[in-house]
Amino acid sequence: MAKGEGGEQYSSASLLNKPVGSDGIKLAKKHEHRNRLSVCNKLCYAVGGAPYQITGCALGFFLQIYLLDVAQLDPFYASIILFVGRAWDAVTDPTVGFLVSRSPWTRFGRMLPWILFSTPLAVLSYFLIWYVPPFEDGKVIWYLFFYCLFQTLQTCFHVPYSALTMFISSEQKERDSATAYRMTVEVLGTVLGTAVQGQIVGMANAPCLPGPGDIIANLNNSASSVGLNESEPVISLDHTKAAYMIASGVICLIYILCAVVLFFGVREQKESCRPRSEPMSFFQGIKLVMGHGPYAKLVMVFLFTSLAFMLLEGNFALFCSSTLGFRNDFQNILLAIMLSATLAIPFWQWFLTRFGKKTAVYAGTLAVVPFMILVVCLKSNLIVTYVVSFAAGVGVAAAFLLPWSMLPDVVDDFQVQNPNSTGHEALFYSFYVFFTKFASGVSLGISTLSLDFAGYISRGCSQPEEVHLTLKVLVSAAPIALIIIGLVILYFYPIDEERRQGNRKLLQEQRDNETDSDTDSTELANVV
């Protein structure tokens, strides 16, 4: 979700129009002016990226704790829902991409109808994820069905939206500028999703259920406990359920508003008649992209580092509320992480241009390791947790930015080595998303299942020591191990700054040659 996703994403697919001769120059200027996007167009396009990030943050941070403590599912069933939902989401990406690429052109375009028609059902299914049905027997099926349905419909929105970048303008400079707007809005979307969900839910946190040990402790302090209970408002589980529904309703309204702004504020242009390779099947696509060595290594690097941050994201809310004891503050701690990540992204953009992308990956990913260790080693202290979380957000920003910044380099490298194989740029992106989402499903499923084995107690005021140990492993030891593995693989990644610049020069020469031949053909046609 970083600027690099669009800043360089299509550098290898665009042609620079530089005709020779006065007529050609006038034609190029007229064409460029016609394809220039206004600030309003760019903002409307950028707003379309918010729903994916808002819903993604809300689900990533809160779905696990919601299923365990509000829906009160057994951790085993919660792990199945989380794993199957993310695995299904992974499968739908290349599938929807395949269908979108073959959809016909309409008067609204090819991409915008997908966005328009998927939005109402996506909003409805998202809302029903956060609704606790009034029955017990089919509750697991309920959440599994609506979670998978939402992931499918969200993909029907996000895949066409990502591809829309190529169709809002034929000018590379305009697409890059629009993508910069998009990245800014998406980063703000992560903050908005965390804030809306966290703050609304945080105002209606149901009290925990005391276990035998807690009852004994309360009896010893009965006088002070009675005084506290009389002065505090009574919040029941029903209040918490209502808060989750209100939060989801607010997010649904934002989702609809963003889709409407995108649909009416962006005009999709018909694609140019560039030569493209023949369409290929799903498995042919895997063979093509994974057969390119630098891509395979890069995917493995970010597979492990992304898993590390996904484990941290999926379990940190539970860790803060259960192990650290901050049941009423965990949503603010999450917000501190996302605010810090938002503020740090410009720094990492400067860093990678100044010191190179591989160095930025090492520095950014390792920056979070000391704070992962501190948060589990220090005694529970709210101020220290805020400081550590804010500092950890700097590393989270690097995890957001760098994968999308390095993927275009691999696409460029592939095109240099395979100049006759064109039109496959989307495959590299869709399969990267496929692998990371599938792996995240595995990680979330295993982490929730491990809580079941440790004896997690839904809404328990205190948890067994095994649960505290498991949560510490899931937010510290396991992510650190995954980060180390990913950085070891990065050492063998072959595209350094010298090779990257060389590839860009070769591709620029190819584009110039193609432009010259197109100009010669145009001038010859004019003479005839």
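Since this is a predicted model, take the numbers as computed values, not measurements.

## Things to note about the overall build of the protein
- For the protein, the helix and strand inventory stands at 20 helices and zero strands.
- Within the protein, the proportion of its 528 residues that are buried is 53%.
- A sequence separation of at least 24 residues applies to 87% of the contacts in the protein between residues at least 6 apart.
- Carbon and sulfur atoms form 67% of the exposed surface of the protein, whose accessible area is close to 23,700 Å².

## Quick notes on the side chain of Thr 323
- By the element assignment, Thr 323 lies in helix α13 (residues 293-323).
- A polar contact of 3.2 Å, which involves the side chain of Thr 323, links it to the side chain of His 468.
- Setting aside its immediate chain neighbours within four residues, Thr 323 contacts Leu 318, His 468, Leu 471 and Lys 472.

## A few points about the packing of aromatic side chains
- Inspection of every chain in the model, using the stated rule, returns 25 aromatic pairs.
- The interplanar angle of 70° and the centroid separation of 5.5 Å between the aromatic rings of Phe 76 and Tyr 77 together place this pair among those described as edge-to-face.
- Residue classification places Phe 76 among the partly exposed residues on the basis of a relative accessible area of 37%.
- When the ring centre of Phe 355 is taken as reference, the NZ or CZ atom of Arg 354 above it lies at 5.0 Å.

## What about the nonpolar core?
- Counting residues in each nonpolar core, the largest one holds 147 residues, and the members touching the most others are Tyr 66 and Phe 316.
- Broken down by element, this core gets its largest block of residues, 17 residues, from α13.
- Every residue in contact with Phe 316, bar those within four places of it in the chain, is listed here: Ile 333, Leu 334, Ile 337, Val 375, Ser 389 and Val 475.

## A few points about helix α6 (residues 112-129)
- Across its 18 residues, α6 extends 26 Å between first and last C-alpha, which sits within 8% of the 26 Å expected from 1.5 Å per residue.
- The sharpest bend along α6 comes to roughly 40°, located at Thr 119, with the proline Pro 120 sitting one to four residues further on.
- Listed in full, the buried residues belonging to α6 are Leu 112, Pro 113, Ile 115, Ser 118, Thr 119, Ala 122, Val 123, Ser 125, Tyr 126, Leu 128 and Ile 129.

## Focus on the confidence of the model for the protein
- For the protein, per-residue confidence averages 78 on the pLDDT scale, and residues scoring 70 or more make up 80% of the total.
- When the elements of the protein are averaged for pLDDT, helix α1 (residues 4-7) gives the smallest value, 40, and α6 the largest, 94.
- Scored below 50 in pLDDT, residues 1-21 shows 84 contacts in the model against residues more than four places distant or in partner chains.
- Within the model, pLDDT remains below 50 along residues 221-232, and this stretch shows one contact once partners closer than five positions in the same chain are excluded.

## A few points about a nonpolar patch on the surface
- On the surface, a cluster of nonpolar side chains totalling about 320 Å² of accessible area is made up of Phe 83, Phe 438, Val 442 and Ile 446.
- Looking at the nonpolar patch, the element that brings in the most residues is helix α18 (residues 425-454), giving three residues.

## Digging into the side chain of Lys 139
- Within the secondary structure layout, Lys 139 lies in helix α7 (residues 139-163).
- By relative accessible area, Lys 139 is classed as buried at 4%.

## Section: the packing of helix α16 (residues 369-377) against helix α19 (residues 465-490)
- Two elements in contact, α16 and α19, have axes separated by 9 Å at closest approach and are oriented at 155°. Judged on the interaxial angle alone, α19 and α16 are roughly antiparallel. In the packing of α16 onto α19, the handedness of the crossing is left-handed. For the pair α16 and α19, contact is made by Val 369, Met 372, Ile 373 and Val 376 and by Lys 472, Val 475, Ser 476, Pro 479, Ile 480 and Ile 483, respectively.
- When its residues are assigned to classes, the contact of α16 with α19 shows eight nonpolar, one polar and one charged.

## Examining the pattern of salt bridges
- Following the criterion strictly, the structure yields four salt bridges and no others.
- Lys 139 serves as the salt-bridge partner of Glu 136, at 3.1 Å between the closest nitrogen and oxygen.
- Classification of Glu 136 as exposed rests on a relative accessible area of 59%.
- We note a salt bridge from Asp 409 to Lys 357, for which the minimum N-O separation is 3.0 Å. A residue pair is termed long-range when its members are at least 10 positions apart, and Asp 409 in helix α17 (residues 382-417) and Lys 357 in helix α15 (residues 357-367) qualify at 52 residues.

## Concerning the packing of α6 against α7
- Relative to each other, α6 and α7 sit at 150°, their axes nearing to 8 Å. Of the possible angle classes, the one that applies to α6 and α7 is roughly antiparallel. Where α6 crosses over α7, the handedness of that crossing is left-handed. For the pair formed by α6 and α7, the contact residues are Trp 114, Ile 115, Ser 118, Thr 119, Leu 121, Ala 122, Ser 125, Tyr 126, Leu 128 and Ile 129 on the first element and Trp 142, Tyr 143, Phe 146, Tyr 147, Leu 149, Phe 150, Leu 153, Cys 156, Phe 157, Pro 160 and Tyr 161 on the second.
- Residue composition of the contact of α6 with α7, by class: 18 nonpolar, three polar and no charged.

## Side note on the state of the cysteines
- This model, assessed by the stated rule, comprises zero disulfides.
- The closest cysteine sulfur to the non-disulfide-bonded Cys 40 is located on Cys 44, 4.1 Å from its own sulfur.

What counts as what
- Residues numbered from 1 in each chain as written.
- Predicted model: local features only at pLDDT ≥ 70, side-chain atom pairs only at ≥ 80, totals over all residues.
- Heavy atoms only, no water.
- Helix = DSSP H or I, 4+ residues; strand = E, 2+ residues; numbered from the N terminus.
- Buried < 20%, exposed > 50% of the residue type's maximum accessible area, 1.4 Å probe, protein only.
- Contact = heavy atoms within 4.5 Å.
- Areas by Shrake-Rupley, 256 points an atom, 1.4 Å probe, with all protein chains shown as cover.
- Polar contact = N/O pair within 3.5 Å; in protein donor to acceptor, adjacent residues only side chain to side chain.
- Phe/Tyr/Trp six-rings, centres within 6.5 Å; stacked < 30°, edge-to-face > 60°.
- Lys NZ or Arg CZ within 6 Å of the ring centre and 35° of its normal.
- Core = buried A, V, L, I, M, F, W, Y, C linked by side-chain atoms within 4.5 Å.
- Expected span 1.5 Å × (residues − 1).
- Bend = angle between axes of the 7 residues up to and from the residue.
- pLDDT = per-residue confidence, 0-100.
- Patch = residues over 30% accessible without salt bridge, like charges linked within 9 Å, V, L, I, M, F, W, Y side chains within 5 Å.
- Salt bridge = Lys/Arg side-chain N within 4 Å of Asp/Glu carboxyl O.
- Axes fitted to C-alpha atoms, helices over the stretch in contact; angles between N-to-C directions.
- Parallel < 35°, antiparallel > 145°, perpendicular 65-115°, else oblique.
- Left-handed = near helix turned anticlockwise from the far one by under 90°.
- Nonpolar A, V, L, I, M, F, W, Y, C, P; charged D, E, K, R; others polar.
- Disulfide = S-S within 2.5 Å.

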